[in-house]
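Observations on the model geometry
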Amino acid sequence: MRSKESGKVRYAYGVAMALLLGGTTFSLATGQAGAQVAQNEPGTSALAPRPGAPMSFADLTAKLAPAVVYISTKQRISVKAQTDPFEEFFRRFDPTQPQGGANDNSGSAQPRTREAGSLGSGFIISPDGYVVTNNHLVQGLTGTGTVDTVTVKLTTGQEYPARIVGRDETSDLALLKIDARNLPFVKWGDSTKARVGDWVIAIGNPYGLGGTVTAGIISALHRGITGVGAYDRYIQTDAAINMGNSGGPMFDLNGNVIGINSALISPTGASVGIGLAIPAELAKPVIDALMRGQRPMRGYLGATLQPVDEDLAPSVGIPKDTGEIVRSLVPGAPGALAGLQQGDVIVKVNGQQVTPDQTVSYLIANSAVGTKIPVEIIRGGRHATVYVTVAQRPTEEALAKLSGGGAANGGDNVATPEAPQRALGLSLTPLTPDLARATSLPASAHGVLITAVDPNANAAEQGLQRGDLIVSVNNQPVTTPAQVIAAVDAARKAGRKSVLLLVQRGTTPAVFVGVNISAR
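Residues numbered from 1 in each chain as written. Predicted model: local features only at pLDDT ≥ 70, side-chain atom pairs only at ≥ 80, totals over all residues. Heavy atoms only, no water.

Okay, the nonpolar core next. Within the largest apolar cluster, 49 residues are counted, with the highest numbers of intra-cluster contacts made by Trp188 and Ile346. Broken down by element, the residue count for this core peaks at six residues, all from helix 5 (residues 280-291). Those residues in contact with Trp188, other than ones at most four positions away along the chain, are Phe123, Val132, Asn256, Val257, Ile260, Ala280, Ala283, Lys284 and Ile287. (Core = buried A, V, L, I, M, F, W, Y, C linked by side-chain atoms within 4.5 Å. Buried < 20%, exposed > 50% of the residue type's maximum accessible area, 1.4 Å probe, protein only. Helix = DSSP H or I, 4+ residues; strand = E, 2+ residues; numbered from the N terminus. Contact = heavy atoms within 4.5 Å.)

In structure tokens form, the structure reads like this:
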């Protein structure tokens, strides 16, 4: 058993090292001491705290903590049967012993289960017992359904069974209800007014240690961690967020909830000062809808998108991070009906610039369902505008069926032609039915197959592999190596430094890849 003191010793060494390093840095920066006044000399007006900066969080904590709850869940899950190494041995002496196959000392073939659970946090938003938390706390451990039981514990020690009123997988939010009255509760704040550097506090149940309060500042706003989705816009904080803080509130200094602590970025699984919270501006509409018994309304375009990063930007002729390229479209969805095409670069949605902070997914999701909005695109180097009638986003299950997908195939069984043509450091051959089957490509696929890749070429650096299919070059479909070569030559003559390839691997959706052509 781990000693309680070992952690304290380790922290003490950490503090000592930090002080030593701090002293060294100060000596190097200041040099020989003179008449200059120290920056932190008492009475220096520059260090006076701004109005509202607390000397202590104690009063605020005492007021808010009773509205924070601790959530535990239980669920029985199947356990994979383990083979008993002595089963066959004992059966030699007792042929009547049943075929068990499970290491449960009973010889029974019944499936085994065990009880599993999770711990997290939440907060009360009404005196009659509505509780906000994260969906991943109450979702089944298999990724479908919900847990068997949810228990909510107040700071007073009282425990209540909770009912799952509604949950939303897309935003990772859930609403619970407990049967109680006159409960302490907290109100939503305005996260749109939050600024980097503002003080925040988090209260929750990290590692089951209920009643834990941490404080810090907002380190960043609109932090994306996946690069896609309407809810990939987190508030980042250096307030310690650990496992068990999930679903708990992030408060501003007015005591209002401006975020829901949901994730952390860490190489160890413990807090390293990068905690993430869902902003109240995104969470409140979802919770309001769940409280009304409705599915949250969010806009839907029906397009798979890819950010224009530093590799793709030269190929489409715009600065990086100023648009998203359309990889594919769902037939009959708003994007396709409006006239969007594969390869279009969306630069504005309803007059708002597309950026990493304001992705197309975010802008569309927050557009009113049923409205017709302008979407500015770049197609073939020219700006154009299409008008999209925003639809209601389908459920996650429906979207999974629409997206399809499958495992990629490295193409180890590709038959190499005798005299392949080359371009971009790639050996190319027309796609045949036999090659399509060998590379697990759909029967409907069209394009030029890569049969070899020069490991020193930029195409290799961009991840292209033997067995990949080039569908188009600079948004022009290709079916022969000669067309690929001609398109690359035309781009060079036009002074372009890269070409835009649409590449498909196996049954996975095609992606755009920018390949440098400045060096032959």
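On we go.
Before going further, it helps to examine the side chain of Asn245. Structurally, the position occupied by Asn245 is in the loop between strand 10 (234-237) and strand 11 (249-251). Setting aside chain neighbours within four positions, we find Asn245 in contact with Ser121, Ile203, Gly204, Asn205, Pro206, Ala240 and Asn261.

Turning our eyes to something else, we now look at the environment of Pro319. Examined against the element boundaries, Pro319 turns out to sit in the loop between helix 6 (313-316) and strand 16 (324-329). Classification of Pro319 as exposed rests on a relative accessible area of 56%. Note: C-alpha distance between Pro319 and Val308 (11 residues apart in sequence) is 8.2 Å. In contact with Pro319, other than residues within four places in its own chain, are Val308 and Ala313.

In this structure, strand 8 (residues 199-204) lies alongside strand 9 (residues 212-223), joined through six bridges in antiparallel fashion. Its bridge partner lying in strand 9, Ala202 is registered against Thr214. (Pairing = 2+ DSSP bridges.)

Turning to the packing of aromatic side chains, a few remarks are in order. On inspection of all chains with the given rule, the structure shows two aromatic pairs. Geometrically, the ring pair formed by Phe57 and Trp199 is edge-to-face, given 5.3 Å between the ring centres and 65° between the ring planes. Residue Phe57 is located in the loop between helix 1 (4-30) and helix 2 (58-64), and its partner Trp199 is located in strand 8; the two are separated by 142 residues in the primary sequence. Their ring planes at 80° and their centres at 5.7 Å tell us that Phe123 and Trp188 sit as a pair that is edge-to-face. Taken together, the residues span a long stretch of sequence, with Phe123 in strand 2 (residues 112-124) and Trp188 in the loop between strand 7 (173-177) and strand 8 at a distance of 65 residues. Over the aromatic face of Tyr362 sits the side chain of Arg233, whose NZ or CZ is 3.8 Å from the ring centroid. (Phe/Tyr/Trp six-rings, centres within 6.5 Å; stacked < 30°, edge-to-face > 60°. Lys NZ or Arg CZ within 6 Å of the ring centre and 35° of its normal.)

The next point concerns the confidence of the model for the protein. Note that predicted coordinates carrying low pLDDT should not be read in detail. Model confidence for the protein is summarised by a mean pLDDT of 79, while 78% of its residues fall at 70 or above. Below a pLDDT of 50 lies the segment residues 405-420, which in the model reaches 32 contacts outside its immediate sequence neighbourhood of four places, other chains included. (pLDDT = per-residue confidence, 0-100.)

In the structure shown here, the tally under the stated rule is seven salt bridges. In this structure, the salt-bridge partner of Asp434 is Arg437, at a minimum N-O distance of 2.2 Å. With Asp434 and Arg437 both in helix 10 (residues 433-438) and three residues apart, this pair spans about one turn of that helix. Judged by its relative accessible area of 53%, Asp434 is exposed. Here Arg505 makes a salt bridge to Asp468, at a shortest N to O gap of 2.7 Å. Within this pair, whereas Arg505 is found in the loop between strand 27 (498-504) and strand 28 (511-516), its partner Asp468 is found in the loop between helix 11 (458-461) and strand 25 (469-473), the two being separated by 37 residues in sequence. (Salt bridge = Lys/Arg side-chain N within 4 Å of Asp/Glu carboxyl O.)

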